[in-house]
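# Close look at the chain arrangement
Here are the chains, one letter per residue:
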Amino acid sequence: SHKLHQNHPHIVKDLPWGEQLVFLEINRRQFKCQHCQKPFSEDLNFIQSRRTYTKRLARQIIQQVIESDVRSVAQKGVVTTAEIERMLKDASCKCLNGKPVGLKKLGIDEIALLKGQGNYCAVFVDLEKSELITIVQGRSREVLAKVLNSWGVEVLEGIEEVSIDLWKGYKNLVKELMPNAQVVADRFHVMAQVNQELDEGRKAEKRQVEEAVKASKSPQEKEKHEQVLAELKKSKYVLLKNEENLNLQQIEKLKQVKAVSSKLKIMQELKEEIRMMFEETSSGLEGLLKLGAWLSKAQKYFSKSPKTIIRWLDEILAYFDNRTTSGVVEGINNKLKLIKRSGYGFRNFNNFQARCWLNWHFN
C-alpha cells in the first residue's frame, strides 16, 4: 500500500533511566491494503509483534532473571510477573526445539522434579561444549525416543560417545537409535555402587558388634566389644573419602577402624584400588587386566558390585580409552536444581524448561 490510513500512537516500556521508568510514545502508522482494503500496522524492528515493551528491555530483564529469579526482578516495578513470563517464553520458543549442532559426545541423566515422588525429567547435555541441549518431562523410552528422533538421522549418526549411568533403559535406547555411538558407563556411578556396598558392610559390622555387646556374659568381654564399637562409630566418612584427602586425625581414625575389623580393612583397600584404577589406567586392554584381577579379589567381600561391573564390562572399559565421564552432566544437574529452588518450584514444566534452556543459550 502507498496510502496512509491513519496515525496510531503506541506507548511501550523501554530501559529505565537510573531509577526512573521510561516509556516511548511512537507514531505507528496504519495502512490499507490496495487489494483487499484490510488495514494493517507497520512493523517496528525494535518491538516484537503484540508486545508493549522494547526488545532491549526484554533482553535486560531476561538476563536479570537468569542471575536472580522472577519474583525478585518483578519487585523492582519495571515489568510485571506476567510480562517476564512472556519474555522468557518468547526468547526460548525460537530455539528450544532446535537440533544440536556438531554433537559428538552426549550425556544423558535425570533429575527429580519432586524429590521422593518418582517424578523425573531427562537431561541431555553436550559434553564437549558443557551445555544443556534440552530437558524433557519424564524418562520413559517413548519420551526419550521422541526427543532423539526429532534431532534427525544425521545428528544421531554423528554421535560418537554417550555417557550414561548404570540404567539399562538408556543403554538399549542408545544402541537402537545411535548406530555409531559407543556407550560409556560413568565411572562415578560405578564408584558410587562400590562405596554404597562398603557402607553397607560398615553398618553390618557395627550391628554385629552391638549384638555381641548385648550377648556378653562377662564384664571383660563386654568391655572388649564396647571398645571395638567405639572405634567403628563415626567411621563412615574416613572409609568412603579418598584416602589421600584425609587429614591426620582422619588417618588415625582409619587405622583404628582397620585394626578392629579385618573385613572393613580389605573392603576399604579394594575401594581405593579400583578408584586408582580409574585414575591411572589409559587403555581398555590395561583396564581389562586390572579389572579382572580386582574382581577375583573383590567377589569374596562385595556381593553386588562385581556382578554390576561384569554386566557393564564393555561400557566400563570404554571409559579407559577416551576417559569420557558424566561429570559435566552432574554439574549441570546441580545448576538445574538450583534454578528449581530459586523459582520456588514450577507448576508449569514448560516454564521450568524455558528457564533452564536460557541459562546456557540466551545471548
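For the structure, see preceding data.
Cut-off values and rules
Residues numbered from 1 in each chain as written. Predicted model: local features only at pLDDT ≥ 70, side-chain atom pairs only at ≥ 80, totals over all residues. Heavy atoms only, no water. Core = buried A, V, L, I, M, F, W, Y, C linked by side-chain atoms within 4.5 Å. Buried < 20%, exposed > 50% of the residue type's maximum accessible area, 1.4 Å probe, protein only. Helix = DSSP H or I, 4+ residues; strand = E, 2+ residues; numbered from the N terminus. Contact = heavy atoms within 4.5 Å. Phe/Tyr/Trp six-rings, centres within 6.5 Å; stacked < 30°, edge-to-face > 60°. Lys NZ or Arg CZ within 6 Å of the ring centre and 35° of its normal.

## Side note on the nonpolar core
One finds Leu106, Phe124, Trp151 and Met178 to be the most contacted residues of the largest nonpolar core, which totals 56 residues. Sorting elements by how many residues they give to this core places helix 11 (residues 262-280) first, with six residues. In contact with leucine 106, not counting residues within four places along its chain, are Phe124, Val125, Leu127, Ile133, Trp151, Ile159, Glu161, Val162, Ser163 and Met178. The next biggest cluster of nonpolar side chains, apart from the first, holds 17 residues, and it includes Leu57, Ala58, Ile61 and Val70.

## Looking at the packing of aromatic side chains
Geometry of an aromatic ring pair is reported as the spacing of the ring centres plus the angle between the planes. Under the counting rule described, the total for this entry stands at eight aromatic pairs. Ring geometry for phenylalanine 278 versus tyrosine 319: centroids 5.7 Å apart, planes at 70°, classification edge-to-face. With phenylalanine 278 in helix 11 and tyrosine 319 in helix 14 (residues 313-322), the pair connects residues that are 41 residues apart, well separated along the chain. For the pair phenylalanine 278 and tyrosine 319, a shared accessibility class is recorded, and that class is buried. An aromatic cluster is present here, built from Phe278, Tyr319 and Phe320 joined pairwise through their rings. Sitting above the plane of the tryptophan 312 ring, lysine 171 keeps its charged end 4.3 Å from the centroid. In this arrangement the basic side chain of lysine 335 is found over the ring face of tryptophan 360, its NZ or CZ atom lying 5.1 Å from the centre.

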